[in-house]
Amino acid sequence: MCGIIGYTGPRKAAPILIEGLKRLEYRGYDSAGIGVGCDGALTICKKVGKIKDLREAVPDDLDGCYGIGHTRWATHGGVTDVNAHPHTDTTGNLAIAHNGIIENYLILKARLEAEGITFRTETDSEVIAHLIAQHYEGDLEAAVRKALPLLKGTYGIVCLHKGNPQLIIGARSGSPLVVGVGEDEMFLASDVTAVLAHTKQVVYLEDGEVVVLTEKDFHITDLNERKISKTIDEISWELEEIEKGDFKHYMVKEIYEQPEAIERACRGRLDPTQATARLGGLNLSPAQLLDVERIRIIAAGTSYYAGLVGSYLIEQLARIPCQAELASEVRYRNPIVERNTLHFAVSQSGETADTLYAMRELQRKGSCVLGICNVVGSTIARESNGGVYIHSGPEIAVASTKAFSSQVTAFYLFCLLMARKRHMSYETGEWFLQELTVIPEAVKAVLKTEPVIKKLAKKYAGYKDFLFLGRGINYPVALEGALKLKEIAYIHAEGYSAAEIKHGPIALINEETPSMFLVPDDRLREKVISNMKEVKARRGKLIAVVGEGDDEIREIADDVIEVPRVHTLFSPFVMVVPLQLFAYHCAVLLGRDVDQPRNLAKSVTVE
Ligand code: F6R
């Protein structure tokens, strides 16, 4: 969602801020702006649209070596230049940019208006500028400290004042901020991608912390002004990883990175001598792992579907009751926490509000929640009681692809570990490792079918409605295929268990509603074939994703996509890729903004 960047140093701030905002584009936004301080003046430029529109609105001769920038994803107030950040106080001396939601802004606004302040925007964020200005007596840090306790809700704030040259103040409560420590220059950003081109040295802020940046230094304190010493972390990501390279879109680049992502998730974690997996970050003793009687997985969107795949696998192979649930639902239904239940919070970004708040609620009730995250240092990664980093590398496209495969891999490793602690034999453990090790090559082979999928996209991109149907461990993959088509091609799609269509969705079937069936060679195959025939009898077009050389399905379906034959339990890895590529090519053909689909944000930090 919204992104923040701040800079203070010897260089001209405006180009650095704009470049930082460009790197934050992937989070999703509808307008952007910067505020730059120079020689006792403060210049604000803000614009609806893309960063290139903002760039055009910023004067080339805008000097000033400290400033703040923001990409806005509208929540309170329409998408207008005025509502874009930064926001200033009535004098125009002070500017703030804000991520999050100020829940008590209406009360604060009414009070400030009663005191004679005229508001210029419809945003919740503008109150912050006025509150800080009210407390400003020459010391910006002191003014921020006095304003913060008045705010209820979530915030990542960055702020500057023209009377305090080269000074940037940041504060965090529920919305991430990271300090980038450069050579005689400092950065503040909502995520590391915005600063990676300048420095790999970062310090993550915690909730309740305030940071003061000057050109050469920074210091962090809590709300009671107690100094907090922090370690500087080194970002492991490389700059090339956040660039598109030769690919047309980040999404297709990331689809192609999946074989490598699966390998990275496995690296150093396979133990062939014991035929098991090693997951040191779980922070659980062998005895604690043995005591686990139930597993609950919480997540949102694609991460939830990865969790659903995990739940099928864990129940089947580790024989531990396992349920995947939407984090947003878990949080508000007063979840029952039983002894010996292990929880997983799955999140690529590690910042998804629904997942984070559900995790906190479960922790409050005494449960151990492990994180499965990609972004190192993210809030879920830090606040969880342990977990597994998936090490996918940065995922920039809004539509998640490689993170799905890596999250699923993490569950496969965890499943093997738990199963081997229970009843799984050494030989079966060896078989499992063998199957897992060939997956990256199998995914590479699926990627080679891209020309076939592109052709199918041409044939089907004009349809308005789609069904995605799978069973067992591929039921979540069907849900994921439907989500991908919806979110990037804007084609209405529903994912169902193939068995469910006769309980309702079959009413939708006619020649205008194609169905994509996932048909691995498993014990449910005959039943799925019957479902396909039911669809065909109603003139529904059939596309099937099948194992290589499956002539029987070729006879029934209008079109087939062949994937390498792997054991059914491992088939989600190969079944999901054609669905990602199909959605991608439909979106390209329809002229969609593939990497930044409308209305969507990469990291959903509000409920
Ligand atoms: C879909 C997608 C979203 C995310 C969801 C959770 O392509 O990207 O559905 O999966 O918003 O995000 P994370 O994994 O960051 O918690």
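None of these values were measured; they are calculated from a predicted model. What you see as residue numbers is a count from 1 along each chain, following the sequence as written. Selection of residues for local features in this predicted model requires a pLDDT of at least 70, selection of side-chain atom pairs for listing and counting requires 80 or more, and totals for whole chains, interfaces and linings are taken over all residues. Values shown for side chains rest on all heavy atoms present in the structure; no hydrogens or waters enter the calculation.

Enquirer: Help me get a handle on the site of the ligand, residues and values and all.
Expert: Here, proximity means that at least one heavy atom of the residue falls within 4 Å of the molecule or strand. In the region of the ligand, 14 residues are neighbours, and Ser303, Ser347, Ser349, Thr352 and Glu487 sit closest. Any N or O atom pair separated by 3.5 Å or less is treated as a polar contact, with the protein-specific requirement of one donor-capable and one acceptor-capable atom, and with residues adjacent in sequence counted only for side-chain atom pairs. Note that an oxygen atom of the ligand is positioned 2.7 Å from one of the backbone N or O atoms of Gln348. Method for areas: the Shrake-Rupley scheme with a 1.4 Å probe, in which residue coverage is limited to the protein chains shown. Across the complex, the protein chains shield 90% of the 410 Å² of accessible surface that the ligand would expose by itself. Secondary structure elements follow DSSP: runs of H or I no shorter than four residues count as helices, runs of E no shorter than two count as strands, and numbering proceeds from the N terminus. Counting residues per element, the ones that place at least two in the shell around the ligand are helix H9 (301-318) and helix H17 (475-489). Charged means Asp, Glu, Lys or Arg here, nonpolar means Ala, Val, Leu, Ile, Met, Phe, Trp, Tyr, Cys or Pro, and polar covers whatever is left, Gly included. Tallied by class, the residues present in the shell around the ligand amount to 4 nonpolar, 8 polar and 2 charged. Both domains that furnish three or more residues to the shell around the ligand are identified here as domain 2 (238-437) and domain 3 (445-594). Domain delimitation follows an automatic or database domain assignment.

Enquirer: Give a description of the domain arrangement of the protein chain that names residues and reports values.
Expert: Taken as a whole, the protein chain is organised into domain 1 (3-235), domain 2 (238-437) and domain 3 (445-594). Spacing between the C-alpha centres of domain 2 and domain 3 amounts to 25 Å. Taken together, the links from domain 2 to domain 3 amount to 8 residue pairs in polar contact (both at pLDDT 80 or more). The biggest single contributor to the side of domain 2 that touches domain 3 is H9, with 9 residues. Classifying every residue of the side of domain 2 that touches domain 3 gives 19 nonpolar, 9 polar and 2 charged.

Enquirer: Which residues make up the sheet that holds strand S6 (residues 94-99), and what are the values?
Expert: Sheets are built from strands that pair by backbone hydrogen bonding, the pairs being arranged parallel or antiparallel. Here a strand pair is declared whenever DSSP counts at least two bridges between the two strands. Across the sheet, which stays open at both edges, the 7 strands sit in the order S5-S6-S7-S8-S12-S13-S14 with antiparallel pairing between neighbours. Two strands in the sheet have a free side with no partner beyond their single neighbour: strand S5 (87-88) and strand S14 (227-228). Summarising the sheet, strand S12 (residues 209-213) and strand S13 (residues 218-222) pair through 5 bridges and their orientation is antiparallel. Bridge assignment links Val211 to a residue of S13, and that residue is Ile220. Note on contacts: a residue pair is in contact if any heavy atoms of the two residues lie within 4.5 Å. Simply put, an axis is a line fit to the C-alpha atoms, just over the touching stretch for a helix, and the angle between two N-to-C directions goes from 0 to 180 degrees. Running over the sheet, helix H4 (residues 126-135) touches S5, S6 and strand S7 (155-161) and is turned about 140° from S6.

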